[in-house]
Amino acid sequence: RVVRTRRAESPEESADLQGIPLASLLRTIVVRRGEDDYLFVLVPGGRRFDWPKLRAHLGVSRLSLPDADEARAVTGYERGAITPFGATRAWPVILDVGALESDVVAIGGGAHGVNLHLGPLVLVEHLGAEVVDVSTPG
């Protein structure tokens, strides 16, 4: 289902406005592997993205975050509203395994204050996401 709220100032506020636990709120991170090679990494609220875990999983020694302009160019979305749904290209998606602990997760819907609530396995199936441990408690 689509849940609309006012624009939140923090992940905690966003979860509160949506009536969900922070751990159910997924942050979408765009990661650059190389020139014109990106992926989406989805990490539950309250957890930190772990670069060494992701590098080890992908078998690479170097990854980086694009700046806001580059992220918008490769996804079609403004930072803070990025989602794999409807992005300009279907980049690979990695979902942190911690998201499977929630019955329902919330992922950005492409605009500030717009979120999609769905089961994590539905998210995996729809996006063809790979489920991997890529975070640490935060």
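Computed from a predicted structure; not experimentally measured. (Residues numbered from 1 in each chain as written. Predicted model: local features only at pLDDT ≥ 70, side-chain atom pairs only at ≥ 80, totals over all residues. Heavy atoms only, no water.)

Draft legend 1. Highlighting the pairing of strand 3 (residues 37-44). Burial runs high along strand 3: seven of the eight residues are buried. Two elements, strand 2 (residues 26-34) and strand 3, share eight bridges in a ladder whose sense is antiparallel. When the sheet's bridge partners are listed, Arg-27 is paired in strand 3 with Val-43. Counting the residues that bridge the hairpin from strand 2 to strand 3 gives two residues, and of these Asp-36 lies at a positive phi of roughly 55°. Pairing of strand 3 with strand 5 (residues 93-96) involves three bridges; the strand directions are parallel. Counterpart to Leu-42 in the pairing with strand 5 is Leu-95. (Buried < 20%, exposed > 50% of the residue type's maximum accessible area, 1.4 Å probe, protein only. Helix = DSSP H or I, 4+ residues; strand = E, 2+ residues; numbered from the N terminus. Pairing = 2+ DSSP bridges.)

Draft legend 2. A look at the environment of Asp-67. Within the fold, Asp-67 resides in the loop between helix 2 (51-58) and helix 3 (68-75). Of the residues examined, Asp-67 reaches a relative accessible area of 46% and is grouped as partly exposed. Taking the C-alpha atoms as reference, Asp-67 lies 9.6 Å from Val-30; in sequence the two are 37 residues apart. Within polar-contact distance, the side chain of Asp-67 engages the backbone nitrogen of Glu-70 at 2.8 Å. (Polar contact = N/O pair within 3.5 Å; in protein donor to acceptor, adjacent residues only side chain to side chain.)

Draft legend 3. Structural detail: the packing of aromatic side chains. As enumerated under the stated definition, the model contains two aromatic pairs in all. When the ring of Phe-49 is compared with that of Trp-51, the centres are 4.7 Å apart and the planes differ by 80°; the resulting orientation is edge-to-face. Taking relative accessible area as the criterion, Phe-49 reaches 14% and is therefore assigned buried. Look at Trp-51 and you get partly exposed, because its relative accessible area is 24%. (Phe/Tyr/Trp six-rings, centres within 6.5 Å; stacked < 30°, edge-to-face > 60°.)

Draft legend 4. Representation of the environment of Phe-40 within the structure. In this structure, Phe-40 sits in strand 3. C-alpha of Phe-40 to C-alpha of Arg-27: the two residues are 13 residues apart in sequence and 9.8 Å apart in space.

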